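# Fold and contact review
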Amino acid sequence: MKRHLLEAADLDRDDATLVLDTAAQIDQALAGREVKKLPTLRGRTVVNLFYEDSTRTRISFELAAKRLSADVINFSAKGSSVSKGESLKDTALTLEAMGADAVVVRHSSSGAPHRLANWVRGSVVNAGDGTHEHPTQALLDAYTIRQRLGRVEGVRVAIVGDVLHSRVARSNVGLLHTLGAEVTLVAPPTLLPVGVGSWPAEVSYDLDAVLPKVDVVMMLRVQAERMNASFFPSAREYSRRYGLDARRMGALPDDAIVMHPGPMNRGMEIAAEVADSARSTIVEQVANGVSTRMAVLYLLLGGAPQ
Amino acid sequence: MASSAQPARNAAPSSGDPSPGSVLSAADVARMVDRMAHQLIERAATDADAGDTTAGLANLVLVGIPTRGAPLARRLAARIEAFSGVTVDVATVDITLYRDDLRRRGVRALEPTELPAGGIDDRLVVLVDDVLYSGRSVRAALDALRDLGRPKAVQLAVLVDRGHRELPIRADLVGKNLPTSRTQKVSVRLVETDGVDEVLVTEERVAGRVDEP
Amino acid sequence: MTSYLIKGARPLGGDPVDIHITDGRISAIGNSLDATGAEVVEAAGLIALPGLVDLHTHLREPGREDAETVETGSRAAALGGFTAVHAMANTDPVADTAGVVEQVWRLGQEAGLVDVVPVGAVTVGLKGERLAELGAMADSAARVRVFSDDGHCVADPALMRRALEYVKAFDGVVAQHAEEPRLTVGAQMHEGDRSAKLGLTGWPAAAEEAIIARDVLLAEHVGARLHVCHVSTAGSVEILRWAKSRGVQVTAEVTPHHLLLTDACAESYDPVFKVNPPLRTDADVEALRAGLADGTIDAVGTDHAPHAVEDKESEWAQARPGMLGLEQALAVVIETMVEPGRLDWAGVADRMSVRPAAIGRLDGLGIRSQGRPIAPGEPANLVLVDPAARATVDPAALASRSRNSPYAGRELPGRIVATFLRGTATVLDGKATR
């Protein structure tokens, strides 16, 4: 494993498999236990440096670090010295002086974790940067797919929605490809990046044509405000062409699953009855996020003499 | 300082081509496992709370410490069943996440932790490992057990005790005491993990590297 | 005034000669010149070029003297072989009045290392709303001839038409920063495969090409001169080639960094590579080199853009765009054009001195005459270059007050040995004389 986890490409197939295997063993080791805590990272310090509000991701990382007995510092950039004025570099130097063994960073600017990695000695874990990547989300998604379908290799995955602005999509395309899945991106052309042709994925504009041929459909959050910049004419039209409702869910193969990284816009990209159906893995994804992030923290911090 | 005497007594293997440094053969290992199984049955018979041997064995859980403690625990259970007709619960507890030397040794892949359906509360837990050395693995296993439940008692069975304890820990059952020097490396190899049953004592070739404590 | 005897230099790469400089002018050129009392400059193996002229320099003064001053920028220019630089108008206050351009002109004269030729803003405050007092700036002591809102595009087509027309009255030229703003909202890097991967908002080539296409049609329609700043795409070169073939009075410049670097640099997320227009693709770099070689692109303009450390040591999106260029401009041109055989030394002199001087109307015989031939009687604006030397760029060693060089750690050819501004040595033995 590399020292940092900045993007899906930091993981080769062996690394990614090791993370998923480790997460599975941790799940198994903790299953049914009253004491859901391991002493593994006792005395290590993990800093959650969040420049963007993201309660669910922060809590997931916090729980993961605490279950491994690390000391956790939440450094929420909003409303602190960081929010205005203090630069990322100064913050990095502060964290360095505090002896952070790992910095989990969420930032609205693509590449901010890469910059941070130049300035701190500890490991940097990207918890979502701008419209770039969110590698632990991809890991927990792959873990969830493997748990439900028994494998990732050869699984056909449709990623549907605002690919252009989605760090979840970028990380998933990379990681799922590394693990041997076949990815199809489905979106209106305005929500696909110029250059998407260089990605290891198929591209389609037609959700109905894709659904019968996939094992996994992963819905991305679409912000209604995008219509103000003419990415699509209206929320209603978007929903009609690219939303996953009960009728469309019926077109999926029998054992196909429906995923969503959350938070959902019910009624926009996903209908309530789909989100709450037996195919939906949305709640499992949250639980799997903790064990996957424990595995990442363990593998980055557990060893490798510094 | 421990004795530097060579442990090469009784080193002739009973069959097959021994590896260099082999001090115990497959037949030796089989005899040791059999003897330990008998000892466990005897201990169960004297378990005052249980009343009789069958009840004593039924209360027993053999907890293997991966990697090689796990197959050893299964072998012991199989021999106990062969000798007594009683099926004994077998479990494994991976101690990787409980080790105190991660910083020095680096990460490795985790192995399964599998407990009996009813857990380990009020059971007699016998930890099973291949080699007892510093005692740190056993300490980690005890920590793990503490998080997993509250056994009535915990005992320790090891195939080989090579000495050089760093913690106040001793084994209740020992297949073989092998006096060694710290510079030597003791390797237990089992069919399940290594394709052959034998115990090796080799001179450490890498300066400064010590056997897994 | 010191007189110099430059011994054995090769003017424009020709045969070695001696060049005698007295009273600010080239007094004689020949073999074994007798110049009693002159300071001898041994120049065997060195190329002599006319002093370089930059059409596009940001000196940051007034307003951001922490990033650069007229003096530090002038020193960087002299060390890069320049004898004149055009100081862009996006200072604080903006150079949109005669007062500001005269201040910059005076600061340049006081520094005395290069001629600092102010560029006037096209619109008041660079806001793109109404014309600045272009005539007043043209008539001022700074005698402004180049007008630009650089950093911003004059996006309003009607306003651009009027600017093109208006500056005809004093033989001025509008230097357009070609960027359709509606197509580059939030843009961070070239839009293509790499922006898709890096999750950085794309700056499409079409946003530059659309403005150039529009403006060459306007320049043709009103019969005015247009200059295009920092051309960065293959499509732009095609449009310029077409416009020139129609006789449109259009000139264009390319930056050293667009001749050498590509959007691959962005993969580090190091904002030292963030620049506007952005670094483009290998195909664009090739088209720019070809365009400079065949003259479609007239000039190399550095777009030297110093930035303080805090404006670059940040997240990519928060960093200011721009990179240093003056001190390595000639080195990059040697690397990308001379060594591959695409431009000879006469070509270098043409693209880096003669044509930029002509575009800025500095090529007359007045006191700030630039881009003239190396001949007796001409002003002694000269640079001596050792083409064989190679050096690794160390930002800490640069004369600029800022450190945002995209060439840090890169080995480049060519060493500026000496620079003469009207007979005064501003650089000798590779060091600034003051």
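Looking at an unreviewed UniProt entry, one finds chain C named Dihydroorotase, with Blastococcus aurantiacus as its source organism. The heading Function (unreviewed entry) in the UniProt record of chain C holds the text "Catalyzes the reversible cyclization of carbamoyl aspartate to dihydroorotate." Turning to chain C, the UniProt record has this under Catalytic activity (unreviewed entry): "(S)-dihydroorotate + H2O = N-carbamoyl-L-aspartate + H(+)".

Chain B is annotated in an unreviewed UniProt entry as Bifunctional protein PyrR from Blastococcus aurantiacus. Turning to chain B, the UniProt annotation filed under Sequence similarities (unreviewed entry) states: "Belongs to the purine/pyrimidine phosphoribosyltransferase family. PyrR subfamily."

### Quick notes on the domain arrangement of chain C
A common measure of how large an interface is: the accessible area buried when the components associate. Residues and elements named next belong to chain C. For chain C, the domain assignment lists domain 1 (3-47 + 377-432) and domain 2 (51-368). In this structure, domain 1 and domain 2 have C-alpha centres spaced 26 Å apart. On the side of domain 2, 48 residues touch domain 1, which itself brings 35 residues to the contact. Carbon and sulfur atoms make up 64% of the surface buried where domain 1 meets domain 2, a total of about 3200 Å² over both sides. Three residues stand out in domain 1 for area buried against domain 2, namely Arg401, Asn404 and Tyr407, and they jointly supply 21% of the buried area on that side. In this structure, the connection of domain 1 to domain 2 is made through 3 salt bridges. Of the charged contacts, one joins Asp115 and Arg422 as a salt bridge, the two residues approaching to 2.8 Å between their closest N and O atoms.

### Comments concerning helix H5 (residues 135-149) of chain A
All names here are of chain A. Across its 15 residues, H5 extends 21 Å between first and last C-alpha, which sits within 8% of the 21 Å expected from 1.5 Å per residue. With 11 of 15 residues buried, H5 lies mostly within the body of the structure. Every buried residue of H5 is accounted for by Pro135, Thr136, Gln137, Ala138, Leu139, Leu140, Asp141, Ala142, Tyr143, Thr144 and Ile145. Once H5 finishes, Gly150 follows within two positions and takes phi at roughly 85°, a positive value.

### Digging into the pattern of salt bridges
The tally for this structure, following the rule as stated, stands at 55 salt bridges over all chains. A salt bridge links Glu52(A) to Arg106(A); its shortest N-O distance comes to 3.1 Å. You can see Glu52(A) sitting in the loop between strand S1 (45-50) and helix H2 (55-67) and its partner Arg106(A) sitting in strand S3 (residues 102-107), a full 54 residues away along the chain. Exposure remark for Glu52(A): the relative accessible area of 21% places this residue in the partly exposed category. Residue Asp161(B) is joined to Arg165(B) by a salt bridge in which the shortest nitrogen-to-oxygen separation is 2.8 Å. On the accessibility criterion, Asp161(B) (11% relative accessible area) is buried. The network of salt bridges with shared partners includes Lys244(C), Asp298(C), Asp350(C), Arg351(C) and Arg355(C).

### Description of the interface of chain C and chain A
Across the contact, 18 residues belong to chain C and 19 residues belong to chain A. Buried surface at the junction of chain C and chain A, both sides included, amounts to about 1500 Å², of which 49% is carbon and sulfur. Where chain C meets chain A, there are 2 salt bridges. The salt bridge partner of Arg115(A) is Asp270(C), with a shortest N-O separation of 3.7 Å. Linking chain C to chain A there are 8 residue pairs in polar contact (both at pLDDT 80 or more). Counted by class, the side of chain C that touches chain A contains 7 nonpolar, 4 polar and 7 charged residues.

### Some points on helix H5 (residues 136-148) of chain B
Its 13 residues place the ends of H5(B) 18 Å apart at the C-alpha level, agreeing with the 18 Å of an ideal helix rising 1.5 Å per residue. The inward-facing, buried residues of H5(B) contact helix H1 (13-30) of chain A together with strand S4 (124-132) and strand S5 (153-161) of chain B.

### Focus: the environment of Arg225(C)
Residues and elements named next belong to chain C. Of note, Arg225 is situated in the loop between helix H6 (205-222) and strand S13 (226-228). Sequence spacing of Arg225 and Val174 is 51 residues, and the spatial spacing of their C-alpha atoms is 7.0 Å. Contact partners of Arg225, with chain neighbours within four places excluded, come to Leu164, Asp171, Gly172, Val173, Val174, Gln249, Ala358, Ile359 and Arg361. Of note is the side chain of Arg225, whose polar atom sits 2.9 Å from the backbone oxygen of Asp171. At a separation of 3.0 Å, a polar atom in the side chain of Arg225 contacts the main-chain carbonyl oxygen of Ile359.

### Some points on the packing of aromatic side chains
A complete count under the given rule lists 5 aromatic pairs over all chains for this structure. Centre to centre, the rings of Tyr238(A) and Tyr242(A) are 5.7 Å apart; their planes meet at 35°, and the pair counts as tilted. Of the two residues, Tyr238(A) and Tyr242(A) are both situated in helix H8 (residues 235-242); the distance of 4 residues between them amounts to about one turn of the helix. Residue Tyr238(A) is classed as buried on the basis of its relative accessible area, which comes to 1%. Taken together through their ring pairs, the aromatic side chains of Phe232(A), Tyr238(A) and Tyr242(A) make up a single cluster. Between the NZ or CZ atom of Arg162(B) and the centre of the ring of Tyr133(B), over which it lies, the distance is 3.9 Å. The ring centre of Trp105(C) lies 5.1 Å from the NZ or CZ of Arg368(C), which sits over that ring.

What counts, and at which threshold
- Residues numbered from 1 in each chain as written.
- Chains lettered and ligands numbered in written order.
- Predicted model: local features only at pLDDT ≥ 70, side-chain atom pairs only at ≥ 80, totals over all residues.
- Heavy atoms only, no water.
- UniProt positions renumbered as here; feature names shortened; annotations may be inferred.
- Domains from an automatic or database assignment.
- Contact = heavy atoms within 4.5 Å.
- Buried area = accessible area lost by both parts, 1.4 Å probe.
- Salt bridge = Lys/Arg side-chain N within 4 Å of Asp/Glu carboxyl O.
- Helix = DSSP H or I, 4+ residues; strand = E, 2+ residues; numbered from the N terminus.
- Expected span 1.5 Å × (residues − 1).
- Buried < 20%, exposed > 50% of the residue type's maximum accessible area, 1.4 Å probe, protein only.
- Polar contact = N/O pair within 3.5 Å; in protein donor to acceptor, adjacent residues only side chain to side chain.
- Nonpolar A, V, L, I, M, F, W, Y, C, P; charged D, E, K, R; others polar.
- Phe/Tyr/Trp six-rings, centres within 6.5 Å; stacked < 30°, edge-to-face > 60°.
- Lys NZ or Arg CZ within 6 Å of the ring centre and 35° of its normal.

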